Amino acid sequence: MSRTYVLTMTRPHERFGLSQPIGRQLALHAQLGWNLILWAALFAFAITYVSFMITASAKGFELRDVERRVERLRTESRALETQVASISSVQQLTDRARSLGFVAVDRIESLNAAGHSYALAR
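Okay, so let's go over this structure. What you see is a predicted model, and the numbers here were worked out from it, not measured in a lab.

### Details of the overall build of the protein
- Tallying secondary structure elements over the protein gives 5 helices and 0 strands in all.
- Taken over 122 residues, the protein has a buried fraction of 2%.
- If you sum the accessible surface of the protein, you get close to 12,000 Å²; carbon and sulfur atoms cover 64% of it.

The following block contains the structure:
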């Protein structure tokens, strides 16, 4: 590298108008360095807290919507259970069987299959 090129290069701290690099300035002013670190940490914690609160708030709204949906489904389930109970009642089944042409049984006769009984054709 030629010497003239090196002399024309600007240092980063000179580009920003600082007399010394930031690291040297912080070493000379230790109290200022600690204050900057403390404020930076405080700012980072504040941003983190706000982001957590926004996330928790959004999850709360989602949870409320899901709870409303669960309650609506429970109500619908109760209504359907009531409908099934009314449709499958004995009186309802008897009326439906009559409308389809079934006849009520007057006398029931059973056959004991274990007693070696046989049905004979007449």
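### Considering the pattern of salt bridges
- The final tally for this structure, using the stated rule, is 1 salt bridge.
- One salt bridge in this structure joins D95 and R98, with 3.9 Å as the shortest N-O distance. Here R98 and D95 lie together in helix α5 (residues 90-99), a separation of 3 residues that amounts to about one turn.
- With relative accessibility at 35%, the residue D95 sits in the partly exposed group.
- Taking the relative accessible area as the measure of exposure, R98 reaches 57% and is therefore exposed.

### Describing a nonpolar patch on the surface
- A grouping of I22, L26, L32 and L36 is seen on the molecular surface, where their side chains present a nonpolar patch of about 360 Å² in accessible area.
- Listing elements by their share of the nonpolar patch, those giving two or more residues are α3 (22-28) and α4 (30-87).
- On the secondary structure map, L26 appears in helix α3.
- By relative accessible area, L26 is classed as partly exposed at 33%.

Cut-offs and rules
- Residues numbered from 1 in each chain as written.
- Predicted model: local features only at pLDDT ≥ 70, side-chain atom pairs only at ≥ 80, totals over all residues.
- Heavy atoms only, no water.
- Helix = DSSP H or I, 4+ residues; strand = E, 2+ residues; numbered from the N terminus.
- Buried < 20%, exposed > 50% of the residue type's maximum accessible area, 1.4 Å probe, protein only.
- Areas by Shrake-Rupley, 256 points an atom, 1.4 Å probe, with all protein chains shown as cover.
- Salt bridge = Lys/Arg side-chain N within 4 Å of Asp/Glu carboxyl O.
- Patch = residues over 30% accessible without salt bridge, like charges linked within 9 Å, V, L, I, M, F, W, Y side chains within 5 Å.

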